[in-house]
Amino acid sequence: MTGQSVSFIHNDMQLKELRKLAETAGFPAVLTGDGNEAIEGIITESGYWRALALYGDEAPVSLSSNKNFKVVKELAEIQNSAFFSAEFFLVSETTAGGISIYNKEQLRNIWLQNQLVSTERMNGLLKEEINILQKKVIELEQILNTSYDEIFVTDGDGKVLLVSDACQRMTGIPKERFLGKSIYDLEKKGLVNNSVTINVLKEKRMVSANQIYPNGVQVVATGIPLFDHDGNIYRVITNSRDVTELVKLQNELEVAKSIINERAIGKNNNKGKGPLFTNNDDMLGLIDMAMKVAVTESTILIQGESGVGKGILAKMIHDESLRKTKAFVPVNCGAIPLSLIEAELFGYEAGAFTGAQSKGKAGLVEMADGGTLFLDEVGELPLEVQVKLLHLVQEKTFRRVGGNKLRKVDIRIISATNKELKALMEKGLFREDLYYRLHVVPLNILPLRKRSEDIPFLIQMFLKKFNKKYNRKVIISDESLAELRTYSWPGNVRELENMIEQLVVTSGTDMVYMDCLPDEVKSGNGKPLVVMKGIVPLNDAVESVEKQLLKTAIEKYKTSRKIAAALKVNQTTVIRKLKKYGLSTKGERPLINH
């Protein structure tokens, strides 16, 4: 919209002289002074007729002018000013040398038109920007949907904002079932189990966990929080990887390992059986000795901590003996009440005591006739029973409780204890003559912590046993296996067996990860490998431990090269330490440190 061209009226003119201007629609006009230099007002047609009616045609033209005007050089100045404060604006036309005039209504229309043009231009830019953003969103969704992993995004309140296409492949549930829903409601409905997102929102840190979807798919999910400037979580990004195939492959690998181990056992029967299978040199020597004495009639005393497998070794000796077709009778001496132990072992005659059977009863000794009598926890026997046991060991004869008849049996006696019988002898709690009768062939079973190289095989053996029993396919992750190897196992093989059964029964997935292990394993509890019984200077403690460690290593590995490999140090370090403590490997002269 353009302004109107103007006529110039000199201020010394009369109203009647403007009649011709009115008849030719020449208004508005500009009232000027001398030389058209000074603009004094604006004369409009309505202003002219009003003044003519009031003052007559002889009146000066100045009575019809409007003084409410502004003069600007460019129209743009009007847009940047408070232009509604004036009735008219005069714009200098610098190129043509003329002047244009605009009234308030014209300016308002110009402003609205400019606003409309500006808005249309902004809308065009916004549409272009929106199109670019939409293309980027589509591209990002396509990228996310090509990922094999499931991407799951929520806001800071747990509302699901985005789910990738992998969701339906992994869960069997359309992603629309998740979008817009609360993660807390989804967990209540069972669509999400062990939610990583909820744990991230609770702990305000990255969280990883194992999850099982309702369709049985196993995933490892990792949730990462995104924080705003105030430190509040505004997004949680969770990546879930399907490990079902991996678990299946690991199961197959473990099965293959088990088959290989079974074949190895078949080729190396001298390495023991079941919980006593070993690759430990000391244990191999023990098994070899047990097999040698199995075919003899020698009395055997098996010593070792609780849970190491003393009963298993006794049964293995029996099975390799000439008596293997006869009875193997185990007796837990610590489990039988003291008042009954003599009658249980040796039997009783009719009327021997109140409540006795009318025909009497044969004891466990008679039941073992021709076979093997295994006396477990023999250190628990009272002294009065030890006397009769000594006679049985020496003469293979005994009398029933309440009887006079001397009875003879053909038995082999294997005893076992987890106590120091010599210490009991010194206290008068165990007969010295019985000790030496039982101690003909001593066999000392190592605790599990001293044959840690056997732990992986034992774990696989127990896994196979309990997976079959409970129809599971549980395996142990490498990280968990490493943790189990470093645990000290105060309960020995029995504790290991019970723990593997517990893991098979309670594990929510087929893979046992670190978070599935009992707290005592993860915290390293159990009997410490090094025990200090007092406060000593730190250097002295270090040297004491080094010396003990080297002595143990010498007994087990014999050479400095093998010792260095076991201790994970250089061979020169081992030689230097041996010299420092005056020690030597087998067959070498002790090194004297001058």
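Only a predicted model underlies this, so the values are computations on that prediction, with no experimental measurement involved.

Participant: Can you walk me through the overall build of the protein in this structure?
Facilitator: When helices and strands are tallied, the protein shows 22 helices and 22 strands. Here the protein holds 594 residues, and 40% of them are scored as buried. If you sum the accessible surface of the protein, you get close to 33400 Å²; carbon and sulfur atoms cover 52% of it.

Participant: How should I be thinking about the side chain of Arg400 in this particular structure?
Facilitator: The residue Arg400 is located in the loop between β17 (397-398) and β18 (407-408) in this model. Within the structure, Arg400 has its side chain in polar contact with the side chain of Glu366 (distance 2.9 Å). Those residues within four positions of Arg400 in sequence are excluded, and the remaining contacts are Phe346, Gly347, Tyr348, Glu349, Lys361, Ala362, Glu366, Lys388 and Arg407.

Participant: Looking at this model, I keep getting lost on the pattern of salt bridges. Mind explaining?
Facilitator: Two side chains bearing opposite charge may form a pair once their charged atoms approach each other closely. For the coordinates displayed, the defined rule picks out 21 salt bridges. Across the pair Glu546 and Lys577 runs a salt bridge whose closest N-O atoms are separated by 3.1 Å. Note that Glu546 is positioned in helix α20 (residues 538-557) and Lys577 in helix α22 (residues 571-580), a separation of 31 residues in sequence. If you follow the salt bridges from partner to partner, you end up with Glu349, Glu366, Arg400 and Arg407 in one network.

Participant: Teacher, can you tell me more about the packing of aromatic side chains here?
Facilitator: A complete count under the given rule lists seven aromatic pairs for this structure. Here the aromatic rings of Phe328 and Phe374 are separated by 6.0 Å at their centres, their planes lie at 20°, and the arrangement is stacked. Placement of the pair is Phe328 in strand β15 (residues 328-332) and Phe374 in strand β16 (residues 372-376), with a sequence separation of 46 residues. Taking the centre distance of 5.0 Å and the plane angle of 75° together, the rings of Tyr435 and Tyr436 count as edge-to-face.

Participant: I keep staring at the confidence of the model for the protein and nothing clicks. Help me out?
Facilitator: The predicted coordinates should not be examined in detail at positions where pLDDT is low. A residue-level look at the protein finds 86% of positions with pLDDT of 70 or above and a mean pLDDT of 82. Here helix α8 (residues 244-267) is the element of the protein with the lowest mean pLDDT, 63, and strand β14 (residues 300-303) is the one with the highest, 96. Taken as a whole, residues 587-594 scores under 50 in pLDDT and shows eleven contacts with residues more than four places along the chain or in a different chain.

Participant: Just checking my understanding: could you explain the environment of Gly582 for this structure?
Facilitator: By the secondary structure assignment, Gly582 is in the segment after α22. As a C-alpha pair, Gly582 and Lys547 span 35 residues in sequence and 9.5 Å in three-dimensional space.

Participant: Please explain unusual backbone geometry as it appears in this structure.
Facilitator: Glycine aside, residues mostly have negative phi angles, and peptide bonds mostly take the trans form. The phi angle at Lys396 is positive, at roughly 60°, despite the residue not being glycine. Structurally, the position occupied by Lys396 is in the loop between α13 (383-395) and β17. The backbone phi angle of Asn471 is positive, close to 55°, even though this residue is not glycine.

Participant: I'm lost on the nonpolar core in this one. Help?
Facilitator: As a rule of thumb, nonpolar side chains are buried together in soluble globular proteins. Within the largest apolar cluster, 31 residues are counted, with the highest numbers of intra-cluster contacts made by Val331, Leu373, Leu375 and Leu392. Where this core is concerned, the elements lending two or more residues are β15, α11 (338-346), α12 (364-367), β16, α13, α14 (421-426) and α15 (432-438). Ranked by the residues each element gives to this core, the list is headed by α13, at five residues. Leave out the neighbours within four places in its chain, and Leu392 touches Phe346, Val365, Leu373, Thr397, Phe398, Val409, Ile411 and Ile413. Counting residues in hydrophobic clusters, the runner-up holds 23 residues, among them Leu448, Phe462, Leu463 and Val504.

Participant: Looking at this structure, I do not really get the environment of Glu320. What am I missing?
Facilitator: Residue placement: Glu320 occurs in the loop between α10 (310-319) and β15. Glu320 gets classed as partly exposed once you look at its relative accessible area, which sits at 34%.

Participant: What is the right way to read the sheet that holds strand β5 (residues 65-66) from this model?
Facilitator: The strands that make up a sheet are held in pairs by hydrogen bonds between backbone atoms, and each pair lies either parallel or antiparallel. The strand order across the open sheet built from four strands is β2-β3-β4-β5, with neighbouring strands paired in mixed fashion. Single-partner strands in this sheet number two, and they are β2 (7-10) and β5.

Participant: It is not clear to me how the pairing of strand β12 (residues 218-227) should be interpreted in this structure. Could you clarify?
Facilitator: The side chains of a regular strand alternate between the sheet's two faces. Bridge analysis of strand β11 (residues 207-212) against β12 gives six bridges, and the strand direction is antiparallel. When the sheet's bridge partners are listed, Asn210 is paired in β12 with Val220. In the sheet, β12 pairs with strand β13 (residues 233-242) via nine bridges, with the strands oriented antiparallel. Directly across from Gly223, in β13, lies its bridge partner Thr238. Counting the residues in the hairpin turn of β12 and β13 gives five residues, including Gly231, whose phi is positive at 80°.

Rules used in this analysis
Residues numbered from 1 in each chain as written. Predicted model: local features only at pLDDT ≥ 70, side-chain atom pairs only at ≥ 80, totals over all residues. Heavy atoms only, no water. Helix = DSSP H or I, 4+ residues; strand = E, 2+ residues; numbered from the N terminus. Buried < 20%, exposed > 50% of the residue type's maximum accessible area, 1.4 Å probe, protein only. Areas by Shrake-Rupley, 256 points an atom, 1.4 Å probe, with all protein chains shown as cover. Polar contact = N/O pair within 3.5 Å; in protein donor to acceptor, adjacent residues only side chain to side chain. Contact = heavy atoms within 4.5 Å. Salt bridge = Lys/Arg side-chain N within 4 Å of Asp/Glu carboxyl O. Phe/Tyr/Trp six-rings, centres within 6.5 Å; stacked < 30°, edge-to-face > 60°. pLDDT = per-residue confidence, 0-100. Core = buried A, V, L, I, M, F, W, Y, C linked by side-chain atoms within 4.5 Å. Pairing = 2+ DSSP bridges.

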